[in-house]
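# Tertiary structure, described
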Amino acid sequence: MQPPYIIANWKMNLTRSESVTLATAVVASGSKGGSVILCPSFPNISSVADVLQGTTIVLGAQDVSSAERGSFTGEVSAAMLAAVGCRYVIVGHSERRQRFGETNQIIGQKVSAAFRAGLTPILCIGEKRDERDAGQARAVVRAQVSEALAGTEVSAAGLIVAYEPVWAISPNPPARGDEALEMLPVITDSLSQSVGVNAARERCVVIYGGSVGASNVTEFVRPGKFAGALVGRESLAADEFLRIIAEADAAYATRSPRSNV
Ligand code: PGA
C-alpha cells in the first residue's frame, strides 16, 4: 500500500455534472505521487467512474450494505460497487454512527462485506468531544477497532483505518497535529491485536481526517505519521484539493514506508 492516500469524501454534495467537473479537474492535474481516491455519492459513481477510467485516480464509495443481496430497500451491495469500478469504500463514518445508528458490530459486517467483494474498506473511527473530555478517547477508539475487526482476516485488498476525531470534523475547528498523533500508537496497537502483527504491518495503514486542508495536512501526514488524509469540505473545490495532494506528496517525496503500523 503506497502512501500518502488523499481521499475525497464528497458526502451528500455535488450534482452529477458538478461531480464530473471536479473529477475531471483532479484528473487533469496529472497527480501521480500518492494514491488519490474520490468518493462520490451513489448516483454519481458511474459518471465519475467514466472520468477516472484509465487514469491514476481511483474510485470509492461512501457506504455499503452489510448484506450480499436481496430485500434491503435502499441499500447498495459491495458487489454492485465493485462492478461499477469502485475499489474502496468508506465504512463507519461518524455521521453514519451518529445519525443512522451504526454500531461497531454493523460496521464490522460492512468491513467483511467489502472484503468479500475485493474492496478495500476505509474504516472510520474517532471519539466524540465529551468522550475525549472524560478521558475515554483511547478506550473508545480501541473498542471501535477491536469490535469492528473481531475475527476478521484482512484480505489482500488491505485495510485503511481513518482516525477522525468527531470534534475536529468541520465545521468544528481542526485538531492540532500533536493531539491527533498521540492516538496513532493506540490505533496501531489495537489493529495489531485485532488482525495480527503481520497483517497490520503489511496490509493496513492509518490515515487522518477532520478539517484537513492544504495549510495543515502535513501536520498529520508525513512518513512515520499518518499515511494519508480523508478530506471532506476541502475536497469539494479542485484548487484546494489539489494543493492538499501536492503538500502531502512533497512530505512523502523523500521516503515511502509501506505502512505506519
Ligand atoms: P472534513 O470532513 O474534512 O470536512 O472535516 C472529513 C470527514 O468527515 O471525513
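Up top is the structure these notes are about.
Residues numbered from 1 in each chain as written. Predicted model: local features only at pLDDT ≥ 70, side-chain atom pairs only at ≥ 80, totals over all residues. Heavy atoms only, no water.

## Regarding helix 5 (residues 104–116)
- Taking 1.5 Å of rise per residue, 13 residues should cover 18 Å, and helix 5 covers 18 Å from first to last C-alpha, within 8% of that figure.
- Listing the buried residues of helix 5 in full gives Asn104, Ile107, Gly108, Lys110, Val111, Ala113, Ala114 and Phe115.
- Of the surrounding secondary structure, the elements contacted by the buried residues of helix 5 are helix 3 (78–83), strand 4 (88–91), helix 4 (94–100), strand 5 (120–125), helix 7 (137–149) and strand 6 (159–163).
- Phi turns positive one or two residues past the end of helix 5, at glycine 118, with a value near 80 degrees. (Helix = DSSP H or I, 4+ residues; strand = E, 2+ residues; numbered from the N terminus. Expected span 1.5 Å × (residues − 1). Buried < 20%, exposed > 50% of the residue type's maximum accessible area, 1.4 Å probe, protein only. Contact = heavy atoms within 4.5 Å.)

## So, unusual backbone geometry
- Backbone torsion omega between serine 170 and proline 171 reads 15 degrees, so that peptide bond is classified as cis.
- Among the structural elements, proline 171 can be located in the loop between strand 6 and helix 8 (177–181).
- Phi at lysine 11 is positive, roughly 50 degrees, even though this residue is not glycine.
- Mapped onto the secondary structure, lysine 11 falls in the loop between strand 1 (5–9) and helix 1 (16–28).
- One non-glycine residue, leucine 14, adopts positive backbone phi at about 75 degrees.
- With respect to the element layout, leucine 14 can be found in the loop between strand 1 and helix 1.
- By relative accessible area, leucine 14 is classed as partly exposed at 22%.

## Structural notes on the pattern of salt bridges
- This model, assessed by the stated rule, comprises 14 salt bridges.
- Across the pair arginine 132 and glutamate 127 runs a salt bridge whose closest N-O atoms are separated by 2.8 Å. Each member of the pair, arginine 132 as well as glutamate 127, is classed as buried.
- Each of Asp63, Arg96, Glu102 and Lys110 takes part in salt bridges that share partners, so that together they form one network. (Salt bridge = Lys/Arg side-chain N within 4 Å of Asp/Glu carboxyl O.)

## So, the packing of helix 5 against helix 7
- Packing of helix 5 against helix 7 brings their axes to within 7 Å, and their N-to-C directions diverge by 50 degrees. With respect to each other, helix 5 and helix 7 are oriented oblique. Crossing geometry of helix 5 relative to helix 7 is assigned as right-handed. For the pair formed by helix 5 and helix 7, the contact residues are Asn104, Gln105, Ile107, Gly108 and Val111 on the first element and Ala143, Gln144, Glu147, Ala148 and Leu149 on the second.
- Across the contact of helix 5 with helix 7, the residue classes tally to five nonpolar, four polar and one charged. (Axes fitted to C-alpha atoms, helices over the stretch in contact; angles between N-to-C directions. Parallel < 35°, antiparallel > 145°, perpendicular 65-115°, else oblique. Left-handed = near helix turned anticlockwise from the far one by under 90°. Nonpolar A, V, L, I, M, F, W, Y, C, P; charged D, E, K, R; others polar.)

## As for the site of the ligand
- Around the ligand lies a shell formed by Asn9, Lys11, His93, Glu164, Ile169, Ser170, Gly210, Ser211, Leu230, Val231, Gly232 and Arg233.
- Within the side chain of lysine 11, one N or O atom sits 2.7 Å away from an oxygen atom of the ligand.
- A distance of 2.7 Å separates an oxygen atom of the ligand from a polar atom in the backbone of serine 211.
- Computed on the free molecule, the ligand has an accessible area of 280 Å², of which 98% lies beneath the protein chains in the complex.
- One can see that the ligand is located within the largest cavity.
- The residue inventory of the shell around the ligand, partitioned by class, reads three nonpolar, six polar and three charged. (Near = heavy atom within 4 Å. Polar contact = N/O pair within 3.5 Å; in protein donor to acceptor, adjacent residues only side chain to side chain. Areas by Shrake-Rupley, 256 points an atom, 1.4 Å probe, with all protein chains shown as cover. 1 Å grid on protein atoms, 1.4 Å probe; cavity = no way out; pocket = protein on both sides within 12 Å on 5 of 7 lines; lining within 4 Å. Sits in = over half its atoms within 2 Å of the grid points.)

## Observations regarding empty space enclosed by the protein
- On inspection of all chains with the given rule, the structure shows three cavities of 30 Å³ or more.
- Its volume calculated, the largest cavity comes out at about 110 Å³.
- Along the walls of the largest cavity sit 13 residues, with Gly210, Ser211, Val231, Gly232 and Arg233 positioned nearest its centre.
- As a volume, the second largest cavity reaches approximately 40 Å³. (Points joined across faces, edges and corners; volume = space filled by probe spheres on them.)

## Re helix 2 (residues 45–52)
- With respect to burial, helix 2 is a largely interior element, six of its eight residues being buried.
- Those residues of helix 2 that sit buried are Ile45, Ser47, Val48, Ala49, Val51 and Leu52.
- Contacts made by the buried residues of helix 2 are with helix 1, strand 2 (35–39), strand 3 (58–61) and helix 3.
- Of the residues trailing helix 2, glycine 54 is marked for its positive phi of about 80 degrees.

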